[in-house]
Amino acid sequence: MEKSAVFFDIDGTLWNYDKYIPDSTRVAIKKLRENGHLAFICSGRARAFIQDKDLLSLGFDGIVCSCGCHIEIDGKIIYEKILDKGFAQETIELVRKYGIRPILEGPKKIYMDDSEFGFDDGFGNILRRDVGEDLVPIGGDYYGDWVINKMSCATDIEADKRVECFEKLSEHYSIIEHNSGVCELVPAGHSKATGMLKACELVGIDPKNTYAVGDSENDLEMLQTAAVGIAMGNGTDRAKAAADYVTTAFDKDGIYNALKHFNLI
């Protein structure tokens with residue numbers, strides 16, 4: 001069998017937000033690599049938000065993160081898109097004018113203001129738990145000195161305002177709407193799919209030997225671009241529609257069953 005590369009989303013695919021990783025997933029990725037294939041994380045998360053030792057101990061040949069804006073292979077950064085600081089400041093000022101709350105995501109730090117994401121905010125608390133001292137304010141000493149790849153935003157405002165704001169951003173960003181309350185702002189020309197293809201180019205994998213595994217809106221391009229797109233059974237309807245194959249849920253041996261189905265393990 002020719003060597004293949006499999007690209008795995010994190011949340012809802014490798015684990016859930018409680019950081020539960022099924023034992024079958026651990027076994028599957030180990031067998032995948034023992035069989036000579038490559039395993040990559042391919043996540044919307046920024047590198048600063050991928051620190052969990054248990055997750056990384058699964059064994060990955062590379063990490064594509066920030067929706068293709070940061071690529072590592074064997075621990076070395078081989079591609080990085082950093083937003084211009086002045087442009088980032090303009091974006092922050094624009095979204096805040098509409099009542100949208102930004103989170104800035106970079107390779108070393110995540111930037112979030114507690115005044116916008118209180119201690120009753122679920123996602124804010126996940127960042128506090130997982131990013132620790134690398135979670136710092138947007139304002140104060142750090143204002144204007146950010147190193148970031150992309151942004152996420154809380155968009156729980158009136159629909160017409162959200163649409164108007166997105167129209168002003170659309171020239172420079174790919175806007176991924178997870179729902180009416182959450183979006184990602186990814187620099188135009190970047191996606192999980194572009195990161196996947198770039199990683200394949202750098203490790204010498206033919207795109208016809210690629211598999212992508214995901215569950216949500218920022219996985220759609222990756223699922224459609226890979227030779228085989230695999231949606232998790234717990235995935236969104238759009239993810240399932242974009243995929244070539246739908247496996248079981250992540251906590252019902254979804255990854256193991258998918259890799260077994262395609263004779264990768």
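How each quantity is defined
- All residue numbers here refer to positions counted from 1 along the written sequence of the relevant chain.
- Per-residue local features are limited, in this predicted model, to residues with pLDDT of at least 70; the limit for side-chain atom pairs, both in listing and counting, is 80 or more; totals at the level of whole chains, interfaces and linings are taken over all residues.
- Heavy atoms throughout the structure, all of them, feed into the side-chain values; hydrogens and water do not.
- Helix and strand definitions follow DSSP, with helices as H or I runs of at least four residues and strands as E runs of at least two, each counted in order from the N terminus.
- Residues are treated as being in contact if the distance between any of their heavy atoms lies within 4.5 Å.
- DSSP bridges decide pairing: two strands pair if at least two such bridges lie between them.
- Axis geometry follows a simple rule: fit a line to the C-alpha atoms, using only the stretch in contact for helices, then measure angles between N-to-C directions, giving values from 0 to 180 degrees.
- Only one rule defines a salt bridge in this text: a Lys or Arg side-chain nitrogen within 4 Å of an Asp or Glu carboxyl oxygen.
- The rule is simple: take the accessible area with a 1.4 Å probe, protein chains only, and divide by the maximum for that residue type; under 20% is buried, over 50% is exposed, in between is partly exposed.
- Planes of paired rings set the category: under 30 degrees apart is stacked, over 60 is edge-to-face and the rest tilted, where pairs are Phe, Tyr or Trp rings (Trp by its six-membered ring) whose centres lie within 6.5 Å.
- Only lysine NZ and arginine CZ atoms are considered, and such an atom sits over a ring when it is within 6 Å of the ring centre and within 35 degrees of the ring normal.
- Note on residue classes: Ala, Val, Leu, Ile, Met, Phe, Trp, Tyr, Cys and Pro are nonpolar, Asp, Glu, Lys and Arg are charged, and everything else, Gly too, is polar.

Caption draft 1: Representation of the environment of K31. With respect to the element layout, K31 can be found in helix α1 (residues 23-34). Sequence separation of K31 and D9 is 22 residues, and the distance between their C-alpha atoms is 18 Å. Not counting residues within four places of it along the chain, the set of residues in contact with K31 comprises Y256 and I265.

Caption draft 2: Seen up close, the sheet that holds strand β8 (residues 135-136). Within the open sheet, the six strands sit side by side as β8-β7-β6-β9-β11-β10. Their pairing is mixed. Here the strands that pair on one side only, and so sit at the sheet edges, are β8 and β10 (173-179). Direction of pairing for β10 relative to strand β11 (residues 182-187): antiparallel, over a ladder of six bridges. Along β11, the bridge assignment pairs N179 with V182. Along the sheet, helix α3 (residues 85-97) contacts β6 (101-105), β9 (150-154), β10 and β11; its crossing angle with β6, the most-contacted strand, is approximately 155°. Packed onto the sheet, helix α5 (residues 159-169) meets β10 and β11 and runs at close to 150° relative to β10.

Caption draft 3: How the structure looks around the pattern of salt bridges. All chains considered together, the criterion is met by 24 salt bridges. For K150, the salt bridge goes to E184, with nearest N and O atoms at 2.8 Å. Placement of K150 in strand β9 and of E184 in strand β11 is noted, with a sequence separation of 34 residues between them. Like K150, the residue E184 is buried in the burial classification.

Caption draft 4: Quick look at the packing of aromatic side chains. As enumerated under the stated definition, the model contains eight aromatic pairs in all. Between Y143 and W146, the aromatic rings sit 5.1 Å apart at their centres with planes inclined by 80°, giving edge-to-face as the arrangement. Relative accessible area serves as the criterion here: at 37%, Y143 is assigned to the partly exposed category. With relative accessibility at 1%, the residue W146 sits in the buried group. With centroids separated by 5.3 Å and ring planes inclined at 80°, the aromatic side chains of Y245 and F262 adopt a geometry described as edge-to-face. Here Y245 is found in strand β14 (residues 245-246), whereas its partner F262 is found in the segment after α9 (254-261), with 17 residues between them in sequence. Grouping aromatic residues by their ring pairs yields a cluster made of Y211, Y245 and F262. The ring of F49 is capped by R45, whose NZ or CZ atom sits 3.7 Å from the centre of that ring.

Caption draft 5: The sheet that holds strand β12 (residues 210-214), seen in detail. On the basis of which strands lie adjacent, the open sheet formed by eight strands has the order β5-β4-β3-β2-β1-β12-β13-β14 and mixed pairing. With one partner strand each, in any of the chains shown, β5 (76-80) and β14 form the two edges of the open sheet. In terms of strand pairing, strand β3 (residues 62-65) meets strand β4 (residues 70-73) through four bridges, oriented antiparallel. The residue of β4 that forms the bridge with V64 is I71. The sheet contacts of helix α6 (residues 192-203) involve β1 (5-8), β2 (38-42), β3, β4, β5 and β12, and relative to β4 the element is tilted by about 30°. Here α9 sits on the sheet and contacts β1, β13 (228-231) and β14; the angle it forms with β1, its principal contact strand, is near 155°.

Caption draft 6: Representation of the pairing of β3 in the model. Residues G62 and V64 line one face of β3 and the alternating positions I63 and C65 line the opposite face, and both faces are buried. Bridging between β2 and β3 involves three bridges; their strand directions are parallel. Looking at β3, one finds that I41 is bridged to I63. If you look at the hairpin formed by β3 and β4, you'll find four residues sitting between the two strands, and S66 has a positive phi there, around 50°.

Caption draft 7: Up close: the packing of α1 against α9. The contact between α1 and α9 brings their axes to 7 Å, and the two run at 35°. Counted together, S24, T25, V27, A28, K31 and L32 of α1 and I255, Y256 and L259 of α9 form the full contact between these two elements. The residue inventory of the contact of α1 with α9, partitioned by class, reads six nonpolar, two polar and one charged.

Caption draft 8: Representation of the environment of F87 in the model. Secondary-structure assignment places F87 in helix α3. Residues F87 and H172 lie 85 residues apart in sequence; the distance between their C-alpha atoms is 9.8 Å. The contact partners of F87, leaving out residues within four places of it in the chain, are H172 and Y173.

This is a description of form; function is not addressed.
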